[in-house]
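Commentary on secondary and tertiary structure
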Amino acid sequence: MALASTSSALSSNSFVNNPQLFSSKSSTLLLSSNSTPKRPRASRPISTVHAADKSSNSTPATTATSTSTSTPTSTRGPLRWSLDSWKSKQAFQLPEYPDKVALDSVLKTLESFPPIVFAGEARSLEERLGQAALGNAFLLQGGDCAESFKEFNANNIRDTFRVILQMGVVLMFGGQMPVIKVGRMAGQFAKPRSDPFEEKDGVKLPSYRGDNVNGDAFDEKSRIPDPDRMIRAYTQSVATLNLLRAFATGGYAAMQRVNQWNLDFTEQSEQGDRYRELAHRVDEALGFMSAAGLTVGHPVMTTTEFWTSHECLLLPYEQALTREDSTTGLYYDCSAHMIWVGERTRQLDGAHVEFLRGVANPLGIKVSDKMDPNELVRLIEILNPQNKPGRITIITRMGAENMRVKLPHLIRAVRRAGQIVTWVSDPMHGNTIKAPCGLKTRSFDAIRVR
């Protein structure tokens with residue numbers, strides 16, 4: 001199978017009605033298939049301690065719900081990890097909260113809240129991603145570039161889920177292999193910024209960093225980081241995931257409903273006709289199975305597995321939702337099943353990498369054409385010293401013109417190191433153009449090249 005895949009940030013309407021351009025204020029769809037050598041060479045000796053490895057815990061630990069004044073630690077050799085060891089590193093892209101008392105109060109409240117996801121679910125996702133890393137499954141990730149409080153409603157959640165189901169069945173039917181469905185949902189609020197300030201008409205204000213940090217209105221009050229927004233982000237994430245679980249297991253995702261997943265606006269479109277044709281073929285296959293005595297009422301036919309993911313950006317929030325798994329003693333960031341480190345926060349000695357090396361979730365690494373191949377190898381060593389399949393997904397975000405030039409060097413370096421990863425292509429970020437109206441858009445042809 002090909003290493004290349006597609007990822008797109010697009011609105012549902014533009015997906016069908018405007019084949020040339022995609023809006024940046026929309027959803028992200030990310031596809032990945034992978035192929036790795038059957039007998040990868042052993043990786044080089046690794047000195048970095050992976051704090052998520054139970055064997056590295058040489059001291060007893062308390063639960064991760066304790067306050068930041070007393071946090072569990074993992075030690076081995078000269079390196080040490082704890083829930084707040086990231087605070088000793090340089091942290092980029094974090095807001096400055098003016099009210100420290102309010103911030104501490106919010107974080108203690110979050111520490112007392114139940115986890116949004118469970119460790120066992122994250123382990124299951126890692127197993128599935130391990131199959132994708134070995135070329136035996138396909139990863140489909142979709143959702144918002146950034147979720148918002150204003151657009152939170154059941155219909156939006158349902159429609160995003162339905163698009164992912166549609167794409168999943170197309171990929172599974174055409175590729176004849178399992179499709180891993182991961183939502184960029186239920187937690188994707190924070191936004192990295194290239195500039196900490198934004199200026200309009202001579203007025204300079206702090207940049208909008210996502211609804212879980214501050215407001216998007218261009219006024220001084222809205223742009224002040226507000227820790228209470230983290231509480232609202234938590235409650236919205238819980239409600240979103242609750243609805244997603246209901247859709248995934250309550251019959252909505254049953255294969256017998258494949259014809260009903262088509263969105264209303266596709267009814268009179270060529271794309272809608274093509275989807276209905278495929279759905280009809282799936283229905284015929286299900287009818288054959290039923291006639292042959294094979295049950296279509298089995299859970300595999302009536303439910304689907306669905307996981308959530310987001311960028312690990314707002315570290316105080318992520319730390320507050322990290323818990324020690326009672327069955328393994330490992331620490332999981334229970335804000336999502338999968339989290340990733342972004343292009344602007346992947347410094348080897350930075351705070352975000354320090355935090356991520358200690359949690360056992362499956363991790364993503366976003367890389368651009370600026371990534372040095374040797375640096376990527378070193379970063380993977382830090383985050384996955386045990387070279388465990390499914391632990392690392394590399395998400396490439398570089399323009400179409402850079403893909404053929406830059407990506408092969410990264411792939412060769414990782415393969416030479418014997419590292420097992422899943423490769424994902426994100427053609428939306430790092431591949432933008434400006435429309436005459438000033439909005440960011442993407443050329444569909446450039447997306448297809450990626």
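Scroll up to find the structure this text is about.
Residues numbered from 1 in each chain as written. Predicted model: local features only at pLDDT ≥ 70, side-chain atom pairs only at ≥ 80, totals over all residues. Heavy atoms only, no water.

A few words now on helix H10 (residues 373–383). Of all the residues in H10, the buried ones are Leu-376, Val-377, Leu-379, Ile-380, Glu-381, Ile-382 and Leu-383. Measuring from the side-chain oxygen of the N-cap residue of H10 to the backbone nitrogen of Asn-374 gives 3.0 Å; that N-cap residue is Asp-372. (Buried < 20%, exposed > 50% of the residue type's maximum accessible area, 1.4 Å probe, protein only. Helix = DSSP H or I, 4+ residues; strand = E, 2+ residues; numbered from the N terminus. Polar contact = N/O pair within 3.5 Å; in protein donor to acceptor, adjacent residues only side chain to side chain.)

The end-to-end C-alpha distance of helix H2 (residues 100–112) is 19 Å, a good match for the 18 Å that 13 residues give at a rise of 1.5 Å each. Turning to H2, its buried residues are Leu-103, Val-106, Leu-107, Leu-110 and Glu-111. Each buried residue of H2 sits inside an arc of 140° when the element is viewed along its axis, so together they form one side. Opposite its buried face, H2 presents the exposed residues Val-101 and Ser-112, each directed more than 90 degrees away. Tucked into the core, H2 has its buried residues touching helix H5 (228–249), helix H8 (315–320) and strand S11 (322–324). The N-cap of H2, judged by a side-chain oxygen 3.3 Å from the amide nitrogen of Val-101 a few residues on, is Asp-99. (Expected span 1.5 Å × (residues − 1). Arc of directions from axis to C-beta. Contact = heavy atoms within 4.5 Å.)

The geometry of an aromatic ring pair is captured by two quantities: the separation of the ring centres and the angle between the planes. Applying the stated criterion to the full structure yields 7 aromatic pairs. With a centroid separation of 4.8 Å and an interplanar angle of 40°, the aromatic rings of Phe-113 and Tyr-234 are classed as tilted. With Phe-113 in the loop between H2 and helix H3 (119–133) and Tyr-234 in helix H5, this residue pair connects regions lying 121 residues apart in the sequence. Using a relative accessible area of 23% as the deciding quantity, one classes Phe-113 as partly exposed. Classification of Tyr-234 by relative accessible area gives buried; the value is 7%. The ring of Phe-218 is capped by Lys-200, whose NZ or CZ atom sits 5.1 Å from the centre of that ring. It is Lys-204 that lies over the ring of Phe-197; its NZ or CZ is 5.1 Å from the centre. (Phe/Tyr/Trp six-rings, centres within 6.5 Å; stacked < 30°, edge-to-face > 60°. Lys NZ or Arg CZ within 6 Å of the ring centre and 35° of its normal.)

Distances and angles like these do not, on their own, reveal function.
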